[in-house]
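Here are the chains, one letter per residue:
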Amino acid sequence: MLTAFAILSATPTPEPQHSVLVPELPDLLWGTVAFVLILVVMIWKGVPRINAALDARSDAIAGGIKRAEEAQAEAKAALDKYNAQLAEARGEAGRIKEEAREDAKKIRAELVEQAQAEAARIVTNAQAQIEAERSAALVSLRSEVGTLALDLASGVIGESLTDDKKATSIVDRFLADLAGTSKAKAGK
């Protein structure tokens, strides 16, 4: 037996082996206490701050979206107002253009009427002037023809035709015969 004790005492007793995956009880206890302390501090101090930061960020995003929607609504209203003003301006321009056309037609008609009246007046004046000049030319021509006829008749007859009444009647008869001859030629 002694030998057995000797062998037993000579053989080393196996020491418990530590597992890498399963910690020892004191390590597990202290690790759990530290974890709980850190968890309590995080819940007490960290979570409210994190929630406040998230709420502020959420409010900022919601406010930004709201501001963007308001800006978009304002831009749409401004665009609608601009389009309405543009349509109004186009209508006004069309109306002004139409008024200008109507005014141009009226002015053109007035100018044509004035021009026609002026042309008629000029033609009337010219005809009156031509008639006056024709009458003056006829009187002058009658006088000259009468004088020439008297001179010619005096030369043919051989006596002087200085008697005014007699000369006038001879000249008038001669011109009447001359006018009758020219009318007869014009009728043929």
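Higher on the page you've got the structure.
Residues numbered from 1 in each chain as written. Predicted model: local features only at pLDDT ≥ 70, side-chain atom pairs only at ≥ 80, totals over all residues. Heavy atoms only, no water.

(A) Summary view of the packing of aromatic side chains. Applying the stated criterion to the full structure yields zero aromatic pairs. Sitting over the face of the ring of W44, K45 holds its NZ or CZ atom 4.5 Å from the ring centroid. (Phe/Tyr/Trp six-rings, centres within 6.5 Å; stacked < 30°, edge-to-face > 60°. Lys NZ or Arg CZ within 6 Å of the ring centre and 35° of its normal.)

(B) How the structure looks around the pattern of salt bridges. Taken as a whole and assessed by the stated rule, the structure comprises six salt bridges. In this structure, R95 engages E92 in a salt bridge whose closest nitrogen and oxygen atoms are separated by 2.2 Å. Of this pair, R95 and E92 both sit in helix α2 (residues 25-157), three residues apart, roughly one helical turn. According to the relative accessible area criterion, E92 is partly exposed, its value standing at 35%. Beyond isolated ion pairs, a larger network of salt bridges with shared partners links E92, R95 and E99. (Salt bridge = Lys/Arg side-chain N within 4 Å of Asp/Glu carboxyl O. Helix = DSSP H or I, 4+ residues; strand = E, 2+ residues; numbered from the N terminus. Buried < 20%, exposed > 50% of the residue type's maximum accessible area, 1.4 Å probe, protein only.)

(C) Just the layout of surface pockets, in detail. Of the volumes computed, that of the largest pocket is approximately 180 Å³. Lining the largest pocket we find L138, L141, R142, V145, L175, L178, A179 and S182. Those elements that place two or more of their residues in the lining of the largest pocket are α2 and α3 (164-187). Residue composition of the lining of the largest pocket, by class: six nonpolar, one polar and one charged. (1 Å grid on protein atoms, 1.4 Å probe; cavity = no way out; pocket = protein on both sides within 12 Å on 5 of 7 lines; lining within 4 Å. Points joined across faces, edges and corners; volume = space filled by probe spheres on them. Nonpolar A, V, L, I, M, F, W, Y, C, P; charged D, E, K, R; others polar.)

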